[in-house]
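Fold and geometry: a report
Given next are the chains, with one letter for each unit.
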Amino acid sequence: MATWSNFNYQNSTSPLMEQIIFFHDHTLIILIMITILVAYLMMNLFFNNYINRFLLDGQMIELIWTILPAITLIFIALPSLRLLYLLDELNNPLITLKSIGHQWYWSYEYSDFNNIEFDSYMTQSNKNLSNFRLLDVDNRIILPMNNQIRILVTATDVIHSWTIPSLGVKIDANPGRLNQTSFFINRPGIFFGQCSEICGANHSFMPIVVESISMKNFINWINNY
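Just so you know, these numbers come straight off a predicted model, no measurement behind them.

1. A word on helix α1 (residues 15-47)
Its 33 residues place the ends of α1 48 Å apart at the C-alpha level, agreeing with the 48 Å of an ideal helix rising 1.5 Å per residue. L16, M17, I20, I21, T27 and I30 are the residues of α1 that are buried. Here the buried face of α1 lies against α2 (59-88) and β8 (179-184).

2. Considering the sheet that holds strand β10 (residues 207-213)
The strand order across the open sheet formed by 5 strands is β4-β10-β9-β6-β7, and the pairing between neighbours is mixed. What marks the edges here is a single partner per strand, and that holds for β4 (141-144) and β7 (169-173). Averaged over all pairs of adjacent strands, the angle between their axes in this sheet comes to 25°, without regard to strand direction. Of the strand pairs in this sheet, β4 and β10 are connected by 4 bridges, and their pairing is parallel. Note on β10: the bridge partner recorded for P144 is I213. Lying on the sheet, helix α3 (residues 215-224) is in contact with β4 and β10; it crosses β4 at an angle near 135°.

3. Examining the pattern of salt bridges
A pair can form between side chains of opposite charge whenever their charged atoms are brought close. Applying the stated criterion to the full structure yields 3 salt bridges. Ionic pairing is found between E211 and R140, a salt bridge with its closest N-O pair at 3.6 Å. Here E211 is found in strand β10, whereas its partner R140 is found in the loop between β3 (117-120) and β4, with 71 residues between them in sequence. Overall, the relative accessible area of 23% leaves E211 in the partly exposed class. The residue D172 makes a salt bridge to K170 at a minimum N-O spacing of 4.0 Å. With a relative accessible area of 54%, K170 lands in the exposed category. Counted as one network, the salt bridges with shared partners bring together D136, R140 and E211.

Conventions we followed
Residues numbered from 1 in each chain as written. Predicted model: local features only at pLDDT ≥ 70, side-chain atom pairs only at ≥ 80, totals over all residues. Heavy atoms only, no water. Helix = DSSP H or I, 4+ residues; strand = E, 2+ residues; numbered from the N terminus. Expected span 1.5 Å × (residues − 1). Buried < 20%, exposed > 50% of the residue type's maximum accessible area, 1.4 Å probe, protein only. Contact = heavy atoms within 4.5 Å. Pairing = 2+ DSSP bridges. Axes fitted to C-alpha atoms, helices over the stretch in contact; angles between N-to-C directions. Salt bridge = Lys/Arg side-chain N within 4 Å of Asp/Glu carboxyl O.

As structure tokens, this is what we get:
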């Protein structure tokens, strides 16, 4: 989960989030190199005294500063397109979860099992800090780790957004439309998210909590629900 003074991404919980972090670092290195080069050239322009009265054109340098940015954009665009297609890929999901956004709570349905559906409301924080302020819910999403999960997202009133940063998932919930995405949780834990769409006055009070457990414990939870 996000903590104070954390300027980096949250620790990844899925392979897709790892790829997003790698792409971010890759692009940031390229931007740092460009920034250093431009700063160096500008400092040289400020402090050198050389002039050339007869310099009218420089076709070679114009060719260089046209081709180099194009090559740089290719180095950014190709990994970006690869990641974009990976995010849209759906590989034989084991479980389908349906999420419905309301004002101001989420409803969940496990489509593969009978009569497993519940509402998820934000819980009130208390003084002994047994839960996280504005982040914990009364009914968490229980999912098995090391399995492909498909989530179908929609809304009943206004546009919401189902977002969990550590999973690398952000998908809009639109009224009258069913969006889908998938994710793969590769470790156990509790992962927090929020509605990241400005869907009204209380949109920040629609937290999302996913609890990742082993398949054995998940089956026991299904049987005892």
